[in-house]
Amino acid sequence: KSSKREWKPLEDHSCTDVPWLLLFILFCIGMGFICGFSIATGAAARLLSGYDSYGNICGQKNVKVEGIINSGLDLTHKKYVFFLDPCNIDLVHQRIKSLALCVSACPRKELKTLADIQKFAETNGSSLCSYELQPSEYTTDPRAAKLCPKYPVPESAPIPFFHRCAPVNISCYAKFAEALITFVSDSSVLHRLISGVMTSKEIIMGLCLLSLVLSMILMVIIRYISRVLVWILTILVILGSLGGTGVLWWLYAKQRISVSAVETQIAKDNLQALLIYAISATVFTVILFLIMLIMRKRVALTIALFHVAGKVFIHLPLLVFQPFWTFFVLILFWTYWITVLLFLGTTGSPVPNEEGFVEFRMVGPLKYMWWYHVVGLIWISEFILACQQMTVAGAVVTYYFTREKRNLPFTPILASVNRLVCYHLGTVAKGSFIITLVKIPRMILMYIHTQLKGKENACARCMLKACICCLWCLEKCLTYLNQNAYTATAINSTNFCTSAKDAFVILVENALRVAAINTVGDFMLFLGKVLIVCSTGLAGIMLLNYQRDYTIWVLPLIIVCLFAFLVAHCFLSIYEMVVDVLFLCFAIDTKYNDGSPGREFYMDKVLMEFVENSRKSMKEAGRGGGAEGRELKPM
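Residues numbered from 1 in each chain as written. Predicted model: local features only at pLDDT ≥ 70, side-chain atom pairs only at ≥ 80, totals over all residues. Heavy atoms only, no water.

Per an unreviewed UniProt entry, the chain is named Choline transporter-like protein, and its organism is Alca torda. Recorded in UniProt for the chain, the comment headed Sequence similarities (unreviewed entry) runs: "Belongs to the CTL (choline transporter-like) family." Per UniProt, the comment on the chain under Function (unreviewed entry) is "Choline transporter." (UniProt positions renumbered as here; feature names shortened; annotations may be inferred.)

Written as structure tokens, this is what we have:
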């Protein structure tokens, strides 16, 4: 029935999925309650000002904790947290395993003996030993070995805004870094990689800026030469792949000749990395050629849609900036979320631990608040991304179904945002919640897989990976269906389920076209991403090649290429979204209109030419099959 229902684009607007909007608002109120609760219980003060091992908050008067000595002290003049052994890090619980005290000042120079610690206390009025020892007793009291810091005391400085004394030389955290980077078994390799990044930091920043400029240039090219974009990108990627592969093999051959003269470990590492890069580039180029050979005949509709998408960006230039606004909002939300998470880590009631010191723990049902907080991270992040999809869909739908383009709103993007806020926030909340329901089990299975790594048998490991893979595929399918459901909602102002059903029917009726668009179109956009990554990587290879004898440039090159791909993906994902919305509008247009009086097409002239050419080819095919005079529908 939904496939027979008349579509009336932009004729009526009504509120959709209001109960889901109310549910989302209640959920956000719960997120606010968690933040307020953590602040009200003193977590914010403990996080920002810091607290010692006895439960005292630095820089203020404190209340006595029952059963804990040295608690309830007046530490108004002691505003900084100082750890007696800051390099003793608990890798399991990821915290500093040391007695913490509140001090007046951090030691700004290294203190090598107890006499130096005593002199520092007498000079600066900052006692670095436990509260029960007076500075005059540091060198005479036998308890000083346990109650005073481990010496030599490293030079430290306060962390801005968080009032913690941190060692200026971070070499004592090298063990922690090596434990985090599990794929590095040799610490010397880790040190060489880090030194390579630090030596090449200016080049890395310049190359990241280059990837941003190239992405902007590619967006400009898409706007003005969309008709030939497919072939230009194809030729450039062919030349880029061949050129990049040739340069890598040339550099490998050149460095292999010179490596015998320079017998250094860094030169050998760079030679091995060049060989891996050259082989990978060769395999990638061969696979790329085979895919392009298969898809060379399926680009007619894609070229037409790309051309119309270029016109959309000309009429709606603010679409280019959508990734910036979305990323900015996500950064704000993630900052808030991490801040509240840190609050939750210091909230609760003071409880003595097995060592006789104070820890803050939540008891009862409140200790599960962080689960609610994690669900909030996923749902609200998906909600923000869905708002971007609905905004883009609404603007493109307005463009497509407005016959006279001069009658478009002054800013279709703002008009789309206005419709979203007034009518369709509930639909966005429901769609994002469905994605959340799929993401949470997948994340739980990934966590279980990580925790059981090396302990489970091969069968259990295979089953876990299969479940994770199936959930990932389901998530991608639902994301694509959600995007088309948002487009249907923007067209007909129907609720989420009705829109999803209508969009699904249209997509099934055009399954082959959907497959062609999602393979050819997405592949061409992928070629754009490859072009940006290859260009940035090639520039990186040429620049870093001058430092090959004293710098390992494996990690800097990987960082640059990852950043270039991320930037290209952010820009071209909007273009991909516009093409998908245009295709659904095109499918609906050709389904309910045939160009006759009263049922005129809404589509652009380029798409009209495609429809006419498609009809002519179908008529010729029908005549050739003995069905002369029979007119076939284009879809």
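So much for the structure itself; the text now carries on.
Here we take up the confidence of the model for the chain. Chain-level pLDDT for the chain is 78 on average; 80% of the residues reach the 70-or-more range. pLDDT under 50 marks residues 176-191. Its contacts with residues more than four places away, or in other chains, come to twelve contacts. In this model, residues 625-635 is a region of pLDDT below 50 whose contacts with residues beyond four sequence positions or in other chains number 20 contacts. (pLDDT = per-residue confidence, 0-100. Contact = heavy atoms within 4.5 Å.)

Okay, the pattern of salt bridges next. Under the counting rule described, the total for this entry stands at five salt bridges. Between Asp141 and Arg143 there is a salt bridge, and its shortest N-O distance comes to 3.1 Å. One salt bridge connects Glu475 with Lys439, and the closest N-O pair in it is separated by 2.9 Å. Of the two residues, Glu475 is situated in helix α14 (residues 458-492) and Lys439 in helix α13 (residues 412-451); the sequence distance between them amounts to 36 residues. Glu475 sits in the buried class, given a relative accessible area of 6%. Relative accessible area serves as the criterion here: at 17%, Lys439 is assigned to the buried category. By sharing partners, the salt bridges in this structure join Glu382, Lys439, Arg442 and Glu475 into a single network. (Salt bridge = Lys/Arg side-chain N within 4 Å of Asp/Glu carboxyl O. Helix = DSSP H or I, 4+ residues; strand = E, 2+ residues; numbered from the N terminus. Buried < 20%, exposed > 50% of the residue type's maximum accessible area, 1.4 Å probe, protein only.)

Under the counting rule described, the total for this entry stands at three disulfides. One disulfide in the model links Cys58 with Cys102; its S-S distance is 1.9 Å. One disulfide, between Cys58 and Cys102, carries an S-S torsion of -80 degrees and so falls in the left-handed class. Of this pair, Cys58 sits in the loop between α2 (43-49) and β1 (80-83) while Cys102 sits in strand β4 (residues 100-103), placing them 44 residues apart in sequence. Taking the relative accessible area as the measure of exposure, Cys102 reaches 1% and is therefore buried. (Disulfide = S-S within 2.5 Å.)

Let us look at helix α15 (residues 496-509). Helical periodicity: at 3.6 residues per turn, an α-helix aligns residues three or four positions apart in one direction. Counted at 1.5 Å a residue, the expected span for α15 with its 14 residues is 20 Å, and the 20 Å between its end C-alpha atoms agrees. Turning to α15, its buried residues are Phe496, Ser499, Ala500, Asp502, Ala503, Ile506 and Leu507. All buried residues of α15 lie within an arc of 165 degrees about the axis, which places them on one face of the element. At the N-terminal end of α15, a side-chain oxygen is found 3.3 Å from the backbone nitrogen of Cys497, two or three residues along, and the residue is Asn495. (Expected span 1.5 Å × (residues − 1). Arc of directions from axis to C-beta. Polar contact = N/O pair within 3.5 Å; in protein donor to acceptor, adjacent residues only side chain to side chain.)

Along helix α3 (residues 114-124), the positions that sit buried rather than exposed are Leu114, Ile117, Gln118, Phe120 and Ala121. End-on, the buried residues of α3 take up no more than an arc of 160 degrees, which puts them together on one face. The exposed residues of α3 that point more than 90 degrees off its buried face are Lys119, Glu122 and Thr123. Residues of α3 that are buried in the fold lie against α4 (144-147). Within two residues after α3, Gly125 carries a phi angle of roughly 70 degrees, on the positive side.

Core analysis: the largest hydrophobic core is formed by 64 residues, its most contacted members being Leu319, Tyr400, Val578, Leu582 and Leu607. When residues of this core are assigned to their parent elements, the largest contribution, 18 residues, is made by helix α17 (residues 554-592). Not counting chain neighbours up to four residues away, the residues in contact with Leu607 comprise Leu301, Ala304, Leu305, Val308, Tyr400 and Phe586. (Core = buried A, V, L, I, M, F, W, Y, C linked by side-chain atoms within 4.5 Å.)

Applying the stated criterion across every chain yields a total of 16 aromatic pairs. An aromatic cluster is defined as three or more aromatic residues linked by ring pairs; in this entry it consists of Trp20, Phe24, Phe27, Tyr372, Trp379, Phe383 and Phe433. Over the aromatic face of Tyr592 sits the side chain of Lys591, whose NZ or CZ is 5.7 Å from the ring centroid. (Phe/Tyr/Trp six-rings, centres within 6.5 Å; stacked < 30°, edge-to-face > 60°. Lys NZ or Arg CZ within 6 Å of the ring centre and 35° of its normal.)

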